[in-house]
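The lines below spell out each chain.
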Amino acid sequence: MTNEDYKKEILRLKEKLNVTIVAHFYQKDEVFDMADFSGDSLQLAQMAVQDTNPFLVFCGVGFMGQSVKILSPKKRVLMPKIACCAMARMIDGEHYDTSVKLLEKAGIKKDDIMPITYINSSAEVKAKVGQMGGLVCTSSNAKKIIEKGLKSGKKILFVPDKCLGQNIAIMMGLTSCVIGDGSDPKDADIICYNGFCSVHQLFDVEDIEFYRDKYPDIKIISHPECKPEVCEASDFVGSTSQIIKYIKELPKEQKVAVGTEFNLVNRLRKENTYVLSSTKPECPTMNETTLEDLYNVLKSIEDDKIVFEVLVDEEVAKWAKVALDRMFEI
Ligand code: CIZ
Ligand code: SF4
């Protein structure tokens, strides 16, 4: 089948089966174009809760489908590929427990820790955080959530993205450390787990200098998963939805160089928009989903032989929902 055949079949199946298709901003264009809704992981989870169709097909990575399932347990959530975000895979429940133990060894009591997990984490990690009184954040609301966490008077344990944790600490004038970096975690306001996004690590200060030399008036935009020195040298730092909004409000002739996943940057504005890297910053897992996969998952509903359904253990879902709901309350 050609891509055109797949597109026709996807539209036919979507109508026939009452399925809602959602796609994250980092999905390939041809998959993105098939979606009823697109957005960042938080926007998509919120849309999914309100959607009344019994089936939802989520084109994105595993933790995003899991979040929808946790928030709308009655909905049947399917993913064309169970692709796991590389950063989310850097921490599981055991790594989380070990991190807490390491802090205890360093003299910080468990009761004095306020854990916050970036939404890019497994349901298991979200559940551990929920059980310990903590909450979830996204790149759009991380500052607000950390501010709230600090009001408890406890130390923040921020998992898994050290860059997001460090960037927020810099923005708020706080101290931070990374577990295992040799410093005393007691001296830090925000203690970060040593996880990162391999795609956003591709952006360097040299890339910024290259563009500033070439186009002195250019605006440099980066995602808070980029390294702290990159964010500090940027004109604007924001989540995917914040980046889109920021660029939309700029005059058309304003040149911008953007440090985030390629599919989104490429879609933003064809002229005057540059990718802030000499290497193509494609997320391997986001790019795994193809039109054929989307077609196959829809066909599996039609044939009543469902594949790639997202299921979350009840007890894990219960505590992960506690951590997600605490974020929504703020
Ligand atoms: O939460 C998301 O969708 C991700 C992974 C990034 C962002 O900034 O929106
Ligand atoms: Fe995960 Fe990075 Fe891909 Fe986002 S771009 S899904 S954080 S690996």
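Residues numbered from 1 in each chain as written. Chains lettered and ligands numbered in written order. Predicted model: local features only at pLDDT ≥ 70, side-chain atom pairs only at ≥ 80, totals over all residues. Heavy atoms only, no water.

1. Looking at the overall build of the chain
A count of helical and extended segments in the chain gives 14 helices and 13 strands. The globule rule puts the C-alpha radius of gyration for 330 residues at 20 Å, and the 20 Å found for the chain is close to it. With respect to the principal axes defined by its C-alpha atoms, the chain has extents near 60 × 55 × 30 Å. A total of 330 residues make up the chain; the buried ones form 54% of that total. Carbon and sulfur atoms make up 50% of the accessible area of the chain, which totals about 14700 Å². Between the centroid of the 43 positive side chains of the chain and the centroid of its 50 negative side chains there is a distance of 3 Å. (Helix = DSSP H or I, 4+ residues; strand = E, 2+ residues; numbered from the N terminus. Rg over C-alpha atoms; globule rule 2.2 N^0.38 Å. Buried < 20%, exposed > 50% of the residue type's maximum accessible area, 1.4 Å probe, protein only. Areas by Shrake-Rupley, 256 points an atom, 1.4 Å probe, with all protein chains shown as cover. Lys, Arg positive; Asp, Glu negative; His and termini not counted. Charge placed at Lys NZ, Arg CZ, Asp CG, Glu CD.)

2. Digging into the site of ligand 1
As a structural note, the neighbourhood of ligand 1 is formed by His24, Asp40, Ser41, Met64, Asn120, Ser139, His223, Ser239 and Thr240. A distance of 2.6 Å is found between an oxygen atom of ligand 1 and a side-chain nitrogen or oxygen belonging to serine 41. Here histidine 223 contributes a side-chain N or O atom positioned 2.4 Å from an oxygen atom of ligand 1. In isolation ligand 1 has 270 Å² of accessible area, and contact with the protein removes 98% of it. (Near = heavy atom within 4 Å. Polar contact = N/O pair within 3.5 Å; in protein donor to acceptor, adjacent residues only side chain to side chain.)

3. A word on the domain arrangement of the chain
Taken domain by domain, the chain comprises domain 1 (3-84 + 286-311), domain 2 (88-196) and domain 3 (200-275). Listed per partner, the contact involves 9 residues of domain 1 and 11 residues of domain 3. Buried surface at the junction of domain 1 and domain 3, both sides included, amounts to about 840 Å², of which 44% is carbon and sulfur. Counting the surface domain 1 buries against domain 3, the share from its top three residues, Phe25, Tyr26 and Asp29, is 68%. For the pair domain 1 and domain 3, the interface holds 1 salt bridge. Between aspartate 29 and arginine 267 there is a salt bridge, with its nearest N and O atoms 2.8 Å apart. Each residue belonging to the side of domain 1 that touches domain 3 can be placed in one class, and the counts come to 3 nonpolar, 3 polar and 3 charged. (Domains from an automatic or database assignment. Contact = heavy atoms within 4.5 Å. Buried area = accessible area lost by both parts, 1.4 Å probe. Salt bridge = Lys/Arg side-chain N within 4 Å of Asp/Glu carboxyl O. Nonpolar A, V, L, I, M, F, W, Y, C, P; charged D, E, K, R; others polar.)

4. Quick notes on a nonpolar patch on the surface
On the surface, Ile82, Val307 and Phe308 cluster together to form a nonpolar patch covering roughly 260 Å² of accessible area. Examined against the element boundaries, isoleucine 82 turns out to sit in the loop between β4 (76-78) and α5 (93-105). (Patch = residues over 30% accessible without salt bridge, like charges linked within 9 Å, V, L, I, M, F, W, Y side chains within 5 Å.)

5. A word on the sheet that holds strand β8 (residues 176-178)
Taken in spatial order, the 5 strands line up as β6-β5-β7-β9-β8 in an open sheet, and their pairing is parallel. Of all strands in the sheet, those with a lone pairing partner are β6 (135-137) and β8, marking the two edges. Averaged over all adjacent pairs, the angle separating strand axes in this sheet is 30 degrees, with direction ignored. As paired strands, strand β5 (residues 113-118) and strand β7 (residues 155-159) are joined by 5 bridges and run parallel to one another. In the sheet register, isoleucine 116 faces β7, and the bridge partner there is phenylalanine 158. Its contacts with the sheet put helix α8 (residues 162-172) on β5, β7, β8 and β9 (190-192), and the angle it makes with β9 is roughly 160 degrees. (Pairing = 2+ DSSP bridges. Axes fitted to C-alpha atoms, helices over the stretch in contact; angles between N-to-C directions.)

6. Topic: a negative patch on the surface
The grouping of Glu206, Glu209, Asp213, Glu229 and Glu232 at the surface amounts to a negative patch. Contributing elements (two or more residues each) for the negative patch: α9 (205-214) and α10 (228-232). Considering every element that reaches the negative patch, the biggest residue donor is α9, with 3 residues.

7. Digging into the nonpolar core
Counting residues in each nonpolar core, the largest one holds 75 residues, and the members touching the most others are Ile10, Ile21, Phe158 and Leu294. If one sorts the elements of this core by residue count, helix α13 (residues 291-302) sits on top with 6 residues. Formed jointly, this core draws a minimum of three residues from each of two domains, domain 1 (3-84 + 286-311) and domain 2 (88-196). Sequence-distant contacts of leucine 294, defined by excluding residues within four places in its chain, comprise Ile10, Ile21, Val31, Met34, Val57, Cys59 and Pro80. In terms of nonpolar packing, the next biggest core, distinct from the first, is built from 16 residues, Ile91, Val129, Leu157 and Cys177 among them. (Core = buried A, V, L, I, M, F, W, Y, C linked by side-chain atoms within 4.5 Å.)

8. Digging into unusual backbone geometry
Proline 160 follows valine 159 through a cis peptide bond whose omega is -20 degrees. Its identity is not glycine, yet aspartate 304 carries a phi of approximately 60 degrees, on the positive side. Along the polypeptide, aspartate 304 turns up in the loop between α13 and α14 (314-329). Positioned with a positive phi, phenylalanine 308 is a non-glycine residue whose angle comes to about 50 degrees.

9. A closer look at the sheet that holds strand β11 (residues 236-237)
Spatially, the 4 strands line up as an open sheet ordered β11-β10-β12-β13, and their pairing is parallel. Both outer strands of the open sheet, β11 and β13 (273-275), are each paired with one neighbouring strand and no more. Judged from the 4 bridges that link them, strand β10 (residues 219-222) and strand β12 (residues 256-259) form a sheet pairing that is parallel. When the sheet's bridge partners are listed, lysine 219 is paired in β12 with valine 256. Strands β10, β12 and β13 of the sheet are contacted by α9, whose axis makes an angle of about 155 degrees with β10. Sitting on the sheet, helix α11 (residues 240-248) touches β10, β11 and β12, and the angle it makes with β10 is about 160 degrees.

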